Amino acid sequence: MEMSLELLGNAVVSGLLLGGFYAAVTIGVSISFGMLDIVNIAHPAFIILGSYIAYIANTSFGMDPILASVIALPAFYLLGMAVYQVYYLAFERRGDEALRGLAFFFGLLFITEVTLVLVFGVDYRLVDAPYIGPSIHIGAIELPLRLLVPCLVALAMVGGLQLFMARTFLGRAILAVAQDQLALRLMAANPTRIKRVAFGLSIATASLAGAVLIVIQPVEPSIGRDYIGRVFAICVLGGMGSFAGTLVAAMALGIVENLTATFYGPSWAPAVAFGFLLITLAVRPAGIFGR
Amino acid sequence: MNGTKFVLLLLIVAAATYGAAWAIGNAYVFFAGYIVLQYIALATAWNILGGYTGYVNFGTAAFFALGAYSTVVLHKLTNLPLPLMMPIGGIVSGLVGLGTGYLTLRLRGAFFSIATLALAVVVQTLITNWDFVGGSRGAYIVRPMKAPLLGIDYIQYLFLVMLGLVVIVLATARAIERSRLGYGFATIRDDEVAAEASGVPTLRLKLLATTLSGAFMGMAGAPLPYYVTYLDPASGFSLAYAVNGVAMPLVGGTSSWLGPVIGAILLGTLQQVATVTISSALNLLIVGLMLVAFVIVAPNGILGLFGAGAKRARA
């Protein structure tokens, strides 16, 4: 009995840490899908791209993967702005987001994945850092640094974005776009420019998320697809654009997934996110924090 | 041209296709031709939902593989002939389509698309964990040498069966286009709120389209185990099916039944040639690039480029 209680405690704690990491993966979609109404299903592909950049910086230059991703942030930001510009000109302006805009992001997801396969092959890649391996022990509870560091990075990122949105002029402008674009236009502000910045930010988060992903687990090009269900389940459950909701939903999914993996086997874990997503959509599409 | 004449014409074209493949007398023609036919069926099935109602299904691979794995189960348990296994595979996929649609189609279109993306991962997880159909190791299916009754080579038989399915799927797609049902679908695509307000039973129509589309995908997947003789989750759920299912109708043009056929013949043949001459990863990259290029530059596909889009389809 004591054994299984210990197992349960460890599963919950590492589920919480995993959930923090899921929040880092989802926060970009909370911005693009939740706030800007852009269904960027290619977001996981950008995350995997971030993982590979961290991998190159780590194996070729011995750089810390998370530091490398911080350096790559501006490049991801620009990439995001460029993607939004194409999306705006080709689909949003024509009012053609629903069918062809979705197909566009699906194509991007696919092109990124196949290109990574062509360049790096389908082998699993991993990085080296001092915090991969050791653990902290608090009583019977084990805190692997491999999970703790990504969780802290994720919390810092979510907190930073929350502060940015609430305190800065640009952040409030992004929230305004999320609320009412027409009103913004009537006040002579250009929603397209603000959306471009916000979409750039959402893709920039993929750089950091990619680095913490490759710290947590080895990466190969196609694992991004496993995250699509998770990311959108968390985003919807968290009430679309809400950062606090995203964090809570991510941790809930992390715990449930980890309990499933511990008690039923890890090969069942991907199905949990989908169950989460379907139940949320069927029962409470506004999410737990929705209005 | 009325429906009966169209079906007759389809049958004549199908007979001519089979005759031509037979006249070339090379087994490879049937091998490669089967794949192209399978993609015509898949692309047309996708278009019944995607092109006519405007709801994007990214889970083509899931519906297709469900049909294929139904055949694996039936092959192990029964002695049914293939043409009877196909409707069963179709029913399984159709029901999954109905269920997914029922849970998500009341919401905005994007949620349905996201659910289908996740569906592909989950169905693959379930199959990978199901030992009866081989799990992650995959299943071997012994392909008979000769077809029952006809006595022709089995690959020729598979080709013939798929040709028959293509005739059924195309006849259905065109019949939908010209019926009240098709106009109902089009109202959903053009303005769902207005359609709902004018009394169009949108949810029921969407569910019908999803079920029909999924069922045809399942039927297209059902003969696959006999074609490949070894089926594992990675090949059955290959991303190639998902991306081709979306790319072929969009490249060809979604406004009429002819678009997916053009897209499937073009991209399907291209991939058959490219797989032989270059690598298979590279040819998938070509499909992805064509998809993105077409949705940006030519939103109405090849049909739109030749000005034969919606107008002629309605004539």
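In this text the structure is predicted, and so the values were computed from the model without any measurement.

Student: Go over the overall build of chain A with me, naming the residues and quoting the values.
Tutor: For chain A, the count of helices and strands is eleven helices and two strands. Helices and strands appear in chain A in the N-to-C order α-α-α-α-β-β-α-α-α-α-α-α-α. Against the 2.2 N^0.38 benchmark of 19 Å for 291 residues, chain A shows a C-alpha radius of gyration of 19 Å, consistent with a compact globule.

Student: Give a description of the overall build of chain B that names residues and reports values.
Tutor: Scanning chain B for helices and strands turns up 16 helices and two strands. Scaling as 2.2 N^0.38, a compact globule of 315 residues should have a C-alpha radius of gyration of about 20 Å, and chain B matches this with 19 Å. Principal axes of the C-alpha set define a box for chain B whose edges measure 55 × 45 × 40 Å. Residues counted as buried form 50% of the 315 residues belonging to chain B.

Student: Explain the interface of chain A and chain B residue by residue, including any values.
Tutor: Between chain A and chain B, the contact holds 35 residues from the first and 37 residues from the second. Top element by residues in the side of chain A that touches chain B is helix α4 (residues 97–120) of chain A. It accounts for 15 residues. Classifying every residue of the side of chain A that touches chain B gives 27 nonpolar, four polar and four charged.

Student: Please give an account of the nonpolar core that cites residues and values.
Tutor: Looking at soluble globular proteins, one finds that nonpolar side chains tend to be buried together. Formed by 195 residues in total, the largest nonpolar core has its most connected members in A24, V212 and L277 of chain A together with A41, A118 and L291 of chain B. The residues contacting L291 of chain B, other than those within four sequence positions of it, are A103 and G107 of chain A together with V243, V246, A247, L250 and V251 of chain B.

Student: Can you break down the pairing of strand β2 (residues 141–144) of chain A residue by residue, with the values?
Tutor: Residue and element names in this part refer to chain A. Here four bridges tie strand β1 (residues 135–138) to β2, and the two strands are oriented antiparallel to one another. What sits directly across from I138, in β2, is I141. Connecting β1 to the antiparallel partner β2 that follows it, the hairpin turn spans two residues, and G139 within it adopts a positive phi of roughly 60°.

Student: Residue-level account of helix α14 (residues 280–297) of chain B, with values.
Tutor: Owing to its 3.6 residues per turn, the α-helix aligns residues three or four sequence positions apart on the same side. Relative to the 26 Å expected for 18 residues at 1.5 Å per residue, α14 of chain B spans 26 Å between its end C-alpha atoms, a close match to the ideal helical length. Inspection of α14 of chain B places N283, L284, L285, V287, G288, L291, V292, F294 and V295 of chain B among the buried residues, and these make up the whole buried set.

Student: Can you lay out the packing of helix α4 (residues 82–104) of chain B against helix α5 (residues 109–128) of chain B for me, pointing to particular residues and giving the numbers?
Tutor: Residue and element names in this part refer to chain B. With their axes 9 Å apart at the nearest point, α4 and α5 run at an angle of 140° to one another. On the basis of the axis angle, α4 is oblique to α5. For the pair α4 and α5, the crossing hand works out as right-handed. Between α4 and α5, the contacting residues are T100, G101 and T104 on the first element and F111, F112, A115, T116 and L119 on the second.

Student: So what's going on with the confidence of the model for chain B? Which residues, and what values?
Tutor: All names here are of chain B. Considering every residue of chain B, the mean pLDDT works out to 87; 97% of them sit at 70 or more. Here residues 309–315 is a poorly scored stretch, pLDDT under 50, and it has nine contacts once near neighbours within four places are set aside; other chains count. Reported confidence for the predicted complex is 0.84 by ipTM and 0.87 by pTM.

Student: Which residues make up the environment of L150 of chain B, and what are the values?
Tutor: In this fold, L150 of chain B is placed in the loop between β1 (139–140) and α6 (154–177). Taking the C-alpha atoms as reference points, L150 of chain B and N300 of chain B, 150 residues apart in sequence, are found 42 Å from one another.

Student: I'd like a description of the confidence of the model for chain A, backed by residues and values.
Tutor: Per-residue pLDDT for chain A averages 87, and the proportion of residues at 70 or more is 96%. The secondary-structure element of chain A with the lowest mean pLDDT is helix α11 (residues 269–283) of chain A, recorded at 77, while helix α2 (residues 43–61) of chain A shows the highest, at 94.

Student: Account for helix α5 (residues 145–167) of chain A, naming residues and giving values.
Tutor: Taking 1.5 Å as the rise per residue, α5 of chain A with 23 residues should run 33 Å; its terminal C-alpha atoms sit 32 Å apart, in good agreement. Those residues of α5 of chain A not exposed but buried are L147, V149, P150, C151, V153, A154, M157, V158, L161 and M165 of chain A.

Student: Let's hear about unusual backbone geometry: which residues, and what values?
Tutor: Residue and element names in this part refer to chain A. Although it is not a glycine, D37 adopts a positive phi angle of roughly 65°. Its place among the elements puts D37 in the loop between α1 (2–35) and α2. Take D37: there are 17 C-beta atoms within 10 Å of it, and that puts it in the partly exposed class.

Student: Quick one: what's the story with the environment of R108 of chain B, residue by residue and with numbers?
Tutor: Position of R108 of chain B among the secondary structure elements: in the loop between α4 and α5. Judged by the 14 C-beta atoms lying within 10 Å of it, R108 of chain B falls in the partly exposed class.

Student: Give me the lowdown on the packing of α2 of chain A against helix α3 (residues 65–92) of chain A, citing residues and values where you can.
Tutor: Residues and elements named next belong to chain A. In the contact formed by α2 and α3, the axes pass within 9 Å of each other and the chain directions differ by 125°. As judged from the angle between their axes, α2 and α3 are oblique. Note on packing geometry: the crossing formed by α2 with α3 is right-handed. On α3, the residues touching G50, I53, A54, A57 and N58 of α2 are P65, A68, S69, A72 and F76.

Conventions adopted
- Residues numbered from 1 in each chain as written.
- Chains lettered and ligands numbered in written order.
- Predicted model: local features only at pLDDT ≥ 70, side-chain atom pairs only at ≥ 80, totals over all residues.
- Helix = DSSP H or I, 4+ residues; strand = E, 2+ residues; numbered from the N terminus.
- Rg over C-alpha atoms; globule rule 2.2 N^0.38 Å.
- Buried ≥ 20, exposed ≤ 12 C-beta atoms within 10 Å, placed from the backbone.
- Contact = placed C-beta atoms within 7 Å.
- Nonpolar A, V, L, I, M, F, W, Y, C, P; charged D, E, K, R; others polar.
- Core = buried A, V, L, I, M, F, W, Y, C linked by C-beta atoms within 7 Å.
- Pairing = 2+ DSSP bridges.
- Expected span 1.5 Å × (residues − 1).
- Axes fitted to C-alpha atoms, helices over the stretch in contact; angles between N-to-C directions.
- Parallel < 35°, antiparallel > 145°, perpendicular 65-115°, else oblique.
- Left-handed = near helix turned anticlockwise from the far one by under 90°.
- pLDDT = per-residue confidence, 0-100.

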